[in-house]
Amino acid sequence: MAEIDKPQREVDLPGDWAYASAPESRDIVHLRDRYGYYVGGEWLEPAETYETIAPRDEEPLAAVGQATAEDVDRAVAAARTAYADGWSSLPGSERAKFLFRIARILQERSREFAVLESLNGGKPIKESRDVDLPLAAAHFFYYAGWADKLEFAFPNRRPRPVGVAGQIIPWNFPLLMLAWKVAPALACGNTVVLKPAETTPLTALLFCDVLRQAELPDGVVNIVTGDGRTGAALVESDDVDKIAFTGSTEVGKEIQRRLAGTGKRLTLELGGKAANIVFDDAALDQAVEGIVNGIYFNQGHVCCAGSRLFVQESIYEPLVAKLERRLTTLRVGDPLDKNTDVGAINSAAQLERIQELVASGVEEGAEIYQPPCVLPEKGYWFVPTVFTNVAQSYRIAQEEIFGPVLSVLTFRTPEEAVEKANNTPYGLSAGVWTEKGSRILWMAQRLRAGVVWANTFNRFDPSSPFGGYKESGFGREGGRHGLEPYLDFEESESFGG
Ligand code: NDP
């Protein structure tokens with residue numbers, strides 16, 4: 001056979017398959033130099049301001065008002081006027097139109113909001129774009145649907161609005177937490193004064209523009225910014241009828257103490273230390289993805305994060321090996337880069353808290369694994385971390401770290417898994433990985449957690465109630481349950497009575 005001349009061409013193979021950067025343009029966001037408070041449909045000039053920054057590089061973004069107790073009282077007065085002047089008596093079908101409009105505008109402006117959320121909060125753009133914004137719009141759509149059906153949601157109970165709601169939200173999901181709180185409040189005919197977190201006020205301030213676009217009557221939603229002092233002033237403001245708070249258990253307890261005996265309504269959505277439980281019959285690769293999503297999503301700044309991983313002893317070694325290998329593929333870096341999996345830590349204070357707890361884990365004897373990772377020089381960063389050899393008594397297994405840090409523990413039997421999972425002062429969420437449906441139900445009945453995910457984690461839907469047991473708080477947000485905290489009921493006579 002004749003020899004065939006093979007072409008001797010040198011192929012230039014890249015030696016490195018690293019991702020090229022794919023930064024999202026921030027030109028779509030136009031920030032003012034200075035923001036006041038949005039009260040009664042007007043911008044009030046603040047006497048004192050502070051600087052809000054981008055945690056990815058500490059770039060100053062804008063000066064934001066530090067509201068005083070008098071500023072808060074003006075906002076509450078504006079909310080009371082709007083409540084009495086027609087919002088509370090507007091037919092539900094009319095209120096629904098405003099909520100639908102807000103939802104549509106959020107969809108139309110979602111890229112702008114997503115970029116700003118990532119810039120001010122540090123979360124990866126793919127999360128703010130694909131999770132925070134779609135879910136925020138979905139909450140307004142969902143509660144728009146309830147606004148004219150409250151009588152049917154609560155038959156024979158004559159629902160009516162509570163009044164003025166004071167709402168205090170954290171920095172981990174700034175716009176989404178706003179949506180969770182504002183949408184049901186308005187659907188039920190209440191008016192609102194909302195305080196965003198000190199470090200992430202900008203999407204709430206941009207939301208005021210949406211309110212104007214939607215032509216929501218002045219004073220129905222008012223936004224005051226500032227630190228914990230502003231939140232405390234809102235809690236203590238005399239004319240507030242209800243407080244809805246999401247944040248730390250410590251501040252939640254303080255608020256509960258202050259409101260005791262005042263007759264003001266209260267819902268608290270607080271911390272968590274969720275157990276993510278993997279049985280030996282689970283699909284391991286799928287479980288690894290769920291574990292990664294459970295704890296490294298939003299840098300672990302998630303109240304329901306799966307921060308305690310319980311692995312059945314027989315699969316401990318292969319699972320941990322798979323998990324550690326998967327960690328080496330996570331891309332940590334610029335939140336505005338579309339390839340980024342883990343963004344910046346929200347603030348210097350939070351970074352310090354994570355570092356302190358991680359140091360305690362090492363000191364107490366746990367084994368630490370961190371993948372090789374080059375962190376940006378400026379800004380606040382923490383390498384995704386796994387602790388093995390963790391005892392239940394260690395602080396990293398007990399306290400909420402609120403960072404990209406996972407503690408791995410083991411169990412042998414389902415009973416032991418339940419006992420260990422429930423061994424926490426919290427009770428917000430849990431995850432179960434197994435192929436047996438009956439075991440999922442058995443576990444879900446015994447886990448003291450407000451949400452139990454099965455073969456998935458961190459799934460949210462506006463129609464599904466969310467909230468905690470024990471020190472994770474009380475009251476539910478989302479779903480029909482999420483309407484109740486914003487309603488009073490006149491029990492009516494039973495049918496035919
Ligand atoms: P906080 O509980 O302090 O913050 C939540 C909100 O409450 C913010 O808007 C905050 O304002 C406000 N606030 C603070 N003090 C008071 C007060 N005395 N009265 C009324 N409102 C107040 O949480 P941190 O930001 O300090 O985070 C600390 C820890 O809390 C985290 O490490 C994490 O473990 C946990 N956390 C849990 C969250 C959850 O979703 N369950 C969310 C955030 C934090 P400001 O931002 O200005 O301080």
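That block above? That's the structure.
The paragraphs below set out a description of the structure included in this document.

Here is what the cut-offs are and how they apply
Residues numbered from 1 in each chain as written. Predicted model: local features only at pLDDT ≥ 70, side-chain atom pairs only at ≥ 80, totals over all residues. Heavy atoms only, no water. Pairing = 2+ DSSP bridges. Helix = DSSP H or I, 4+ residues; strand = E, 2+ residues; numbered from the N terminus. Contact = heavy atoms within 4.5 Å. Axes fitted to C-alpha atoms, helices over the stretch in contact; angles between N-to-C directions. Expected span 1.5 Å × (residues − 1). Buried < 20%, exposed > 50% of the residue type's maximum accessible area, 1.4 Å probe, protein only. Polar contact = N/O pair within 3.5 Å; in protein donor to acceptor, adjacent residues only side chain to side chain. Phe/Tyr/Trp six-rings, centres within 6.5 Å; stacked < 30°, edge-to-face > 60°. Lys NZ or Arg CZ within 6 Å of the ring centre and 35° of its normal. Near = heavy atom within 4 Å. Areas by Shrake-Rupley, 256 points an atom, 1.4 Å probe, with all protein chains shown as cover. 1 Å grid on protein atoms, 1.4 Å probe; cavity = no way out; pocket = protein on both sides within 12 Å on 5 of 7 lines; lining within 4 Å. Sits in = over half its atoms within 2 Å of the grid points. Points joined across faces, edges and corners; volume = space filled by probe spheres on them. Nonpolar A, V, L, I, M, F, W, Y, C, P; charged D, E, K, R; others polar. Core = buried A, V, L, I, M, F, W, Y, C linked by side-chain atoms within 4.5 Å. Right-handed = clockwise from strand over helix to strand, strands pointing away. Arc of directions from axis to C-beta.

### Side note on the sheet that holds strand E1 (residues 34-35)
Part 1 of the reasoning: Read from one edge of the open sheet, three strands run E1-E5-E4, paired in mixed fashion. Because the sheet does not close on itself, it has two edges, and the strands there are E1 and strand E4 (49-54).
Part 2 of the reasoning: As paired elements, E1 and strand E5 (residues 59-65) share two bridges and run parallel to each other. What sits directly across from Tyr35, in E5, is Val64.
Part 3 of the reasoning: Docked against the sheet, helix H3 (residues 110-121) engages E4 and E5, running at close to 105° with respect to E4.
Part 4 of the reasoning: Relative to the sheet, helix H7 (residues 202-213) contacts E1, E4 and E5, its axis offset from that of E5 by approximately 60°.

### Overview of helix H12 (residues 348-364)
Part 1 of the reasoning: The terminal C-alpha atoms of H12 lie 24 Å apart, and with 17 residues this matches the ideal 24 Å at 1.5 Å per residue to within 8%.
Part 2 of the reasoning: Within H12, the full set of buried residues consists of Gln350, Leu351, Ile354, Leu357, Val358, Ser360 and Gly361.
Part 3 of the reasoning: Contacts made by the buried residues of H12 are with strand E14 (367-369), strand E15 (385-388), helix H13 (395-398) and strand E16 (405-411).

### Overview of the side chain of Thr424
Part 1 of the reasoning: For Thr424, the position within the fold is in the loop between helix H14 (414-421) and strand E17 (429-433).
Part 2 of the reasoning: For Thr424, the side chain forms a polar contact with the main-chain nitrogen of Tyr426, separated by 3.0 Å.
Part 3 of the reasoning: Beyond its immediate chain neighbours, meaning those up to four positions away, Thr424 contacts Lys273, Arg308 and Lys470.

### Quick look at the packing of aromatic side chains
Part 1 of the reasoning: Overall, the coordinates contain 15 aromatic pairs when judged by the stated rule.
Part 2 of the reasoning: An aromatic cluster of at least three residues, connected via ring pairs, comprises Trp180, Trp453, Phe457, Phe460 and Phe466.
Part 3 of the reasoning: Lying over the aromatic face of Tyr469, Arg448 brings its terminal NZ or CZ to 4.1 Å of the ring centre.

### A word on the site of the ligand
Part 1 of the reasoning: In the vicinity of the ligand lie 27 residues, with Ile169, Trp171, Asp227, Ser248 and Leu270 positioned nearest.
Part 2 of the reasoning: Take Gly247: an N or O atom from its main chain is 3.2 Å from a nitrogen atom of the ligand.
Part 3 of the reasoning: The backbone of Leu270 places a nitrogen or oxygen atom 2.8 Å from a nitrogen atom of the ligand.
Part 4 of the reasoning: Summarising the interface, the protein chains cover 86% of the accessible area of the ligand, which totals 850 Å² for the free molecule.
Part 5 of the reasoning: One can see that the ligand is located within the largest pocket.

### As for the layout of surface pockets
Part 1 of the reasoning: Here the largest pocket defines a volume of roughly 1,000 Å³.
Part 2 of the reasoning: Forming the walls of the largest pocket are 38 residues, and the residues nearest its centre are Trp171, Phe245, Gly247, Ser248 and Val251.
Part 3 of the reasoning: Elements with a minimum of two residues in the lining of the largest pocket: helix H8 (228-236), strand E10 (242-246), helix H9 (249-259) and H12.
Part 4 of the reasoning: When residues of the lining of the largest pocket are assigned to their parent elements, the largest contribution, six residues, is made by H9.
Part 5 of the reasoning: Of the residues assigned to the lining of the largest pocket, the class counts are 15 nonpolar, 13 polar and 10 charged.
Part 6 of the reasoning: Of the volumes computed, that of the second largest pocket is approximately 370 Å³.
Part 7 of the reasoning: What lines the second largest pocket is a set of 19 residues, among which Tyr19, Leu330, Arg331, Val332 and Gly333 lie closest to the centre.
Part 8 of the reasoning: Looking at side-chain class alone, the lining of the second largest pocket contains 10 nonpolar, six polar and three charged residues.

### Regarding the nonpolar core
Part 1 of the reasoning: Core analysis: the largest hydrophobic core is formed by 111 residues, its most contacted members being Leu106, Phe140, Leu178, Phe207 and Val278.
Part 2 of the reasoning: When residues in this core are grouped by element, the largest group, 11 residues, is from helix H6 (residues 174-187).
Part 3 of the reasoning: Ignoring any residue separated from it by four or fewer positions in sequence, one finds Leu106 in contact with Phe113, Leu133, Ala136, Ala137, Phe140, Leu175, Phe207 and Val210.

### Topic: unusual backbone geometry
A negative phi holds for most residues other than glycine; trans holds for most peptide bonds.
Part 1 of the reasoning: Residues other than glycine seldom take positive phi values, yet Phe402 does so here, at roughly 60°.
Part 2 of the reasoning: Secondary-structure assignment places Phe402 in the loop between H13 and E16.
Part 3 of the reasoning: A residue is classified by how much of its surface remains accessible, and Phe402, at 16% relative accessible area, is buried.

### Some details on the pairing of strand E18 (residues 451-454)
Part 1 of the reasoning: Along E18, the buried face is formed by Val451 and Trp453; none of Val452 and Ala454, which line the opposite face, is buried.
Part 2 of the reasoning: Once you follow E17 into helix H15 (residues 437-446) and on to E18, the crossover reads as right-handed.

### Things to note about helix H1 (residues 69-87)
Structurally, the α-helix is built with 3.6 residues per turn, so residues lying three or four positions apart point the same way.
Part 1 of the reasoning: The end-to-end C-alpha distance of H1 is 25 Å, a good match for the 27 Å that 19 residues give at a rise of 1.5 Å each.
Part 2 of the reasoning: Those residues of H1 that fall on the buried side of the exposure criterion are Asp71, Val72, Ala75, Val76, Ala78, Ala79, Ala82, Tyr83 and Trp87. Taken end-on, H1 shows its buried residues confined to a sector of 155°, consistent with a single buried face. For H1, exposure combined with an orientation more than 90 degrees from the buried face picks out Glu70, Ala84 and Asp85.

### A closer look at the sheet that holds E17
Part 1 of the reasoning: Taking strand neighbours across the sheet as the criterion, the seven strands line up as E14-E15-E16-E13-E12-E17-E18 in an open arrangement whose pairing is mixed. Two strands bound the open sheet, and with one partner strand each, they are E14 and E18. Mean inter-strand twist for the sheet, computed between neighbouring axes without regard to direction, equals 20°.
Part 2 of the reasoning: Both E15 and E16 contribute to a ladder of three bridges, which runs parallel. The partner of Phe387 across the bridge, within E16, is Ser407.

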